[in-house]
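Close look at the chain arrangement
Spelled out from the first residue to the last, the chains are:
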Amino acid sequence: MDLPGRSIISIRDFARDEILGIVDKALEVKAGEWADALHGKVLATLFFEPSTRTRLSFEAAMVSMGGRVIGFADPNISSTRKGETLADTIRTVTGYCDVIAMRHPVEGSARLASEVASVPIINAGDGANQHPTQTFLDLVTLKEEFGRLEGLAVGMLGDLKYGRTVHSLAMALSLFGGRLSLISPPGLRMPAHVKEELDSAGTRYEELRDLGELTSDLDVLYVTRIQKERFADFQEYERVAGAYRIRRDTLTGPCTRVRLMHPLPRVDEIAEEVDATPNAIYFRQAHNGIPTRQALLGLVTGVIR
Amino acid sequence: MNAAKRAEKAHKVYAIESGTVIDHIPHPMALKVVEILGVKQDGILTVGMNFPSQRLGRKDIVKVENLKLTAQVTDRLALVAPTATINIIEGSRVVEKRPIHVPKTFRGLLRCPNPNCITNIESVSTHFVREGSESEPAVRCTYCERLYREPAQLVV
């Protein structure tokens, strides 16, 4: 695995062994190895679109491993507002830091940034396209929970059409020979282009309308939020969203031992009463963002090998 | 072929003495082919459309007189006419016959239809990679990563 100097733009850029290597490195970091490895390194967080959690996670990752952070969280105060191109902003900032974490509303912006920067770019979300550190932290959580990524039975529930997180995770899991249950309302099914990729990877999957149609046990259920904006009619939204809500009494039958994951923020798709059950691992999943991002920051800056 | 049929065929598409014949163009791409080759002003040009074809059902043909197009030029037709065959004619005889080679990557030739792709916002040359076979190519934008199954429509 040769990561020093490399940008983290898309999960597509990584082979199976590289993904496994990064996941294992994140678990080493979580276990306390590599403390202070980022000492003397500077991260620039360039958030051209607000995303407080992701930015805080990157900053906490850097600072708690001995590094320092510069950057902005609001494009209105940056030079973009004066009409500077993204490429020029990156060409400039690249001289101030060792690594850049960037979120931008335009798809492909992170790829362009990586082509003009002389330091590695970590994509913290480029529009509807990719958010690879989220996918890596999901995989780290699965590996931590099950000791493996191979052959897991993973359910994905909710909005599978617009959910960038589930698209990337499904593609990543297709490298590990699992079985996917894609559970969504008919209007929010997994897009054809993702299913075609699953087909060409030989991944087994089924499409279901609701959890009641499950016929075999799941290891994991990855829950996503169904957004109000997707529905013209509020009553229709209430009816659909209600049918996909996880409660304590959902955790029976094939879901008795299921681990519940969620990219957060949650609204009401998982009832709070579920938080105290052993099934709920979504907050641990969010916390895994720190060692995952630390491992990636360390690997691309060459201080973790 | 009897004399009447021969005469009919000759009338439809007359043979050229020298130049390039692009055959087996999928219908109705002939005009797009002319546009991409940029040969409108380069002498006599014959465009035939909607011929019956065993291979394609219907096909178009373009004949460019007195101009021998190189592979580098004709490979630009890869996405609009991947099935095309190129015949170079000299002294009324075919001296070279070649298929179109569909490149693995396309730089600058295509436009990404995604309005929220960075290539439509900043001045950056587009870059697509081919996925799928040469006969049914699909292309993926290396920036926004969207896959397009009808790449012919992306040709600028």
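1. Here's the deal with the overall build of chain A
- Check the secondary structure of chain A and you find 10 helices and nine strands.
- A compact globule built from 305 residues should have a C-alpha radius of gyration of about 19 Å, and chain A, at 19 Å, falls within 12% of that.
- Along the three orthogonal principal directions, the C-alpha set of chain A runs to about 55 × 45 × 40 Å.
- A total of 305 residues make up chain A; the buried ones form 57% of that total.
- The centroid of the 36 positive side-chain charges in chain A is displaced by 1 Å from the centroid of its 41 negative side-chain charges.

2. Regarding empty space enclosed by the protein
Residues and elements named next belong to chain A.
- Applying the stated criterion across every chain yields a total of two cavities of 30 Å³ or more.
- Taken as a whole, the largest cavity holds about 90 Å³ of empty space.
- Taken together, 13 residues make up the lining of the largest cavity; nearest its centre are Thr224, Arg225, Ile226, Ala241 and Glu269.
- Partitioning the lining of the largest cavity into residue classes produces seven nonpolar, two polar and four charged.
- Looking at the second largest cavity, its volume works out to about 40 Å³.
- Lining the second largest cavity we find Leu149, Gly151, Leu152, Val154, Leu173, Phe176, Gly177, Gly178, Arg179 and Leu180.

3. Quick look at the nonpolar core
- Ranked by size, the top nonpolar core spans 55 residues in total, and within it Leu46, Ile100 and Met102 of chain A together with Ile22, Val33 and Phe128 of chain B carry the most contacts.
- Ranked by the residues each element gives to this core, the list is headed by helix H2 (residues 30-37) of chain B, at five residues.
- Residues in contact with leucine 46 of chain A, not counting those within four places in the same chain, are Phe72, Ile90, Val93, Ile100, Ala101, Met102 and Arg103 of chain A.

4. Some thoughts on the packing of aromatic side chains
Residues and elements named next belong to chain A.
- Inspection of every chain in the model, using the stated rule, returns six aromatic pairs over all chains.
- Seen in terms of ring centroids, phenylalanine 14 and phenylalanine 136 are 5.5 Å apart; in terms of plane orientation they differ by 80°. Their pairing is edge-to-face. With a gap of 122 residues between them, phenylalanine 14 in the segment before helix H1 (16-30) and phenylalanine 136 in helix H5 (residues 132-146) connect regions that are remote in the sequence.
- In this structure phenylalanine 14 comes out as buried when scored by relative accessible area, which is 5%.
- Residue phenylalanine 136 is classed as buried on the basis of its relative accessible area, which comes to 0%.

5. Regarding helix H2 (residues 52-63) of chain A
Residue and element names in this part refer to chain A.
- Between its terminal C-alpha atoms H2 stretches 16 Å, which fits the 16 Å expected from 12 residues at 1.5 Å a residue.
- Of the positions making up H2, those classed as buried are Thr54, Arg55, Ser57, Phe58, Glu59, Ala61 and Met62.
- Its buried side turned inward, H2 meets strand E1 (42-47), strand E2 (68-72), strand E3 (99-104), strand E4 (121-126), H5 and helix H10 (289-301).

6. Details of the sheet that holds strand E1 (residues 19-26) of chain B
Residue and element names in this part refer to chain B.
- Ordered in space as E2-E3-E1-E4-E5, the five strands form an open sheet in which the pairing is antiparallel. Each of the sheet's edge strands pairs with one partner strand only, and the pair in question is strand E2 (45-53) and strand E5 (93-99). The mean angle between the axes of side-by-side strands here comes to 20°, regardless of whether they run parallel or antiparallel.
- Bridge count between E2 and strand E3 (residues 57-65): seven bridges; the pairing is antiparallel.

7. Comments concerning the packing of H5 of chain A against helix H6 (residues 164-173) of chain A
All names here are of chain A.
- At a closest axis distance of 9 Å, the pairing of H5 and H6 adopts a crossing angle of 55°. On the basis of their axis angle, the class for H5 and H6 is oblique. In this structure, H5 crosses over H6, and the sense of that crossing is right-handed. Listed contacts from H6 to Gln134, Thr135, Asp138, Leu139 and Leu142 of H5 are Thr165, Ser168, Leu169, Ala172 and Leu173.
- Classifying every residue of the contact of H5 with H6 gives five nonpolar, four polar and one charged.

8. Re unusual backbone geometry
- Here the residue pair leucine 264 of chain A and proline 265 of chain A is connected by a cis peptide bond, since its omega of 5° sits within 30 degrees of zero.
- One can find proline 265 of chain A in the loop between strand E9 (259-261) and helix H9 (282-287).
- Here the bond from histidine 27 of chain B into proline 28 of chain B is cis, since omega is 10°, no more than 30 degrees from zero.
- Relative to the elements of secondary structure, proline 28 of chain B occurs in the loop between E1 and H2.
- Positive phi, close to 60°, is recorded for leucine 264 of chain A, a residue that is not glycine.
- The residue leucine 264 of chain A is located in the loop between E9 and H9 in this model.
- You can call leucine 264 of chain A buried: its relative accessible area is 15%.
- The phi angle at serine 92 of chain B is positive, at roughly 65°, despite the residue not being glycine.
- On the secondary structure map, serine 92 of chain B appears in the loop between strand E4 (85-90) and E5.

9. Some thoughts on the domain arrangement of chain B
Residues and elements named next belong to chain B.
- Taken domain by domain, chain B comprises domain 1 (3-99) and domain 2 (105-154).
- On a C-alpha basis, the centres of domain 1 and domain 2 stand 27 Å from each other.
- Facing six residues of domain 1, the contacting portion of domain 2 comprises nine residues.
- Taken over both partners, the interface formed by domain 1 and domain 2 buries close to 570 Å², and the fraction arising from carbon and sulfur atoms is 82%.
- Per-residue buried area on domain 1 facing domain 2 is highest for Arg76, Leu79 and Pro82; these three make up 76% of the total on that side.

10. Focus: the state of the cysteines
Residue and element names in this part refer to chain B.
- Per the counting criterion, the structure on display carries zero disulfides over all chains.
- We note that cysteine 112 lacks a disulfide partner, and the nearest cysteine sulfur, in cysteine 144, lies 3.7 Å from it.
- In this structure cysteine 141 is not part of a disulfide, and its nearest cysteine sulfur, from cysteine 117, lies 3.8 Å away.

Reading the values: rules and limits
- Residues numbered from 1 in each chain as written.
- Chains lettered and ligands numbered in written order.
- Predicted model: local features only at pLDDT ≥ 70, side-chain atom pairs only at ≥ 80, totals over all residues.
- Heavy atoms only, no water.
- Helix = DSSP H or I, 4+ residues; strand = E, 2+ residues; numbered from the N terminus.
- Rg over C-alpha atoms; globule rule 2.2 N^0.38 Å.
- Buried < 20%, exposed > 50% of the residue type's maximum accessible area, 1.4 Å probe, protein only.
- Lys, Arg positive; Asp, Glu negative; His and termini not counted.
- Charge placed at Lys NZ, Arg CZ, Asp CG, Glu CD.
- 1 Å grid on protein atoms, 1.4 Å probe; cavity = no way out; pocket = protein on both sides within 12 Å on 5 of 7 lines; lining within 4 Å.
- Points joined across faces, edges and corners; volume = space filled by probe spheres on them.
- Nonpolar A, V, L, I, M, F, W, Y, C, P; charged D, E, K, R; others polar.
- Core = buried A, V, L, I, M, F, W, Y, C linked by side-chain atoms within 4.5 Å.
- Contact = heavy atoms within 4.5 Å.
- Phe/Tyr/Trp six-rings, centres within 6.5 Å; stacked < 30°, edge-to-face > 60°.
- Expected span 1.5 Å × (residues − 1).
- Pairing = 2+ DSSP bridges.
- Axes fitted to C-alpha atoms, helices over the stretch in contact; angles between N-to-C directions.
- Parallel < 35°, antiparallel > 145°, perpendicular 65-115°, else oblique.
- Left-handed = near helix turned anticlockwise from the far one by under 90°.
- Domains from an automatic or database assignment.
- Buried area = accessible area lost by both parts, 1.4 Å probe.
- Disulfide = S-S within 2.5 Å.

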